[in-house]
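So you can see what is in the structure, the chains are spelled out below.
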Amino acid sequence: MARSDALQGFLDAAFVAFDQCAQDLRSRRSMGQIFTHLEAVQSERPDIGKRLPVCKRHLDEALTIKTDRRAIEVLIERFKALEPLLEWKWRQTYDSSASENFLMSHANTLIVGPGGLEDREDVWIGATLMAPNVRYPDHAHPPEETYLVLSEGEFQSGQSNWFSPGIGGSFYNSPGIKHAMRSGKKPLFALWALLPEQPQH
Ligand SMILES: [Fe+2]
């Protein structure tokens with residue numbers, strides 16, 4: 001089985017970008033394991049590409065970023081090449097911690113992971129796009145998670161205050177920790193990589 005050039009090209013760029021940007025040792029260990037898993041290719045779902053209205057309004061702007069980090073530039077270029085193959089979806093559940101405009105103003109896509117472009121259970125890598133002035137709901141999940149932020153916007157993890165990682169910023173969410181994000185005057189765009197606890201053999 002072989003990956004499409006678009007997907008392999010994106011994953012290669014993601015490997016370099018996470019390696020350069022993720023400094024937390026827990027993230028570095030997690031990302032190392034994630035990319036080791038990804039050496040085993042799994043099947044790619046054909047013809048699933050689908051955009052949501054927020055993508056049409058804000059994705060181009062979100063992907064027009066200024067950075068002097070070559071790894072981020074390459075990552076964005078590879079994401080653009082991959083994006084037509086991706087299925088963008090609304091989050092299924094949210095509560096009153098989300099802003100009222102949340103539903104029509106966000107989109108998530110899973111690049112690898114359950115129901116993603118490469119449909120697999122052992123790792124998840126995806127992206128979130130939000131229009132300006134949107135707050136994502138508080139949420140938590142068992143897998144640990146590393147974010148790679150590719151826009152302005154604020155994030156919150158556990159008991160932390162809101163913080164702005166900036167383009168190329170990265171942070172780690174431990175298993176089960178509550179976290180959230182919110183956009184300001186510009187769209188928010190971020191990648192996230194989750195590593196579920198692996199079944200014991
Ligand atoms: Fe998360």
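See the structure printed just above.
Residues numbered from 1 in each chain as written. Predicted model: local features only at pLDDT ≥ 70, side-chain atom pairs only at ≥ 80, totals over all residues. Heavy atoms only, no water.

## Remarks on the nonpolar core
Nonpolar side chains tend to gather and get buried jointly when the protein is soluble and globular.
Thinking step 1. Counting residues in each nonpolar core, the largest one holds 56 residues, and the members touching the most others are Phe 10, Leu 75, Phe 79, Trp 88 and Phe 189.
Thinking step 2. Broken down by secondary-structure element, the contributors of at least two residues to this core are α1 (5-21), α2 (25-37), α3 (53-62), α4 (70-82), β2 (106-113), β4 (124-130), β5 (144-149) and β9 (188-195).
Thinking step 3. Beyond its immediate stretch of four places on either side in the chain, Phe 79 contacts Phe 10, Leu 63, Leu 86, Trp 88, Ile 111, Ala 127 and Phe 189. (Core = buried A, V, L, I, M, F, W, Y, C linked by side-chain atoms within 4.5 Å. Buried < 20%, exposed > 50% of the residue type's maximum accessible area, 1.4 Å probe, protein only. Helix = DSSP H or I, 4+ residues; strand = E, 2+ residues; numbered from the N terminus. Contact = heavy atoms within 4.5 Å.)

## Describing the coordination of the iron ion
Thinking step 1. Surrounding the iron ion are the protein donor atoms His 141 (NE2), Glu 145 (OE), Glu 145 (OE) and His 179 (NE2), which sit 2.2 to 2.6 Å from the metal.
Thinking step 2. Donor residues binding the iron ion come from one chain and are separated in sequence as H-x3-E-x33-H. Here the residue His 141 occupies a position in the loop between β4 and β5, and His 179 occupies one in strand β8 (residues 179-182), the gap between them amounting to 38 residues. (Donors = N, O, S within 2.8 Å, 3.2 Å for Na, K, Ca; no water.)

## Side note on a nonpolar patch on the surface
Thinking step 1. On the surface, Trp 90, Tyr 94, Leu 103 and Met 104 cluster together into a nonpolar patch covering about 370 Å² of accessible area.
Thinking step 2. By the element assignment, Met 104 lies in the loop between β1 (88-89) and β2.
Thinking step 3. Its relative accessible area of 44% is what places Met 104 among the partly exposed residues. (Patch = residues over 30% accessible without salt bridge, like charges linked within 9 Å, V, L, I, M, F, W, Y side chains within 5 Å. Areas by Shrake-Rupley, 256 points an atom, 1.4 Å probe, with all protein chains shown as cover. Salt bridge = Lys/Arg side-chain N within 4 Å of Asp/Glu carboxyl O.)

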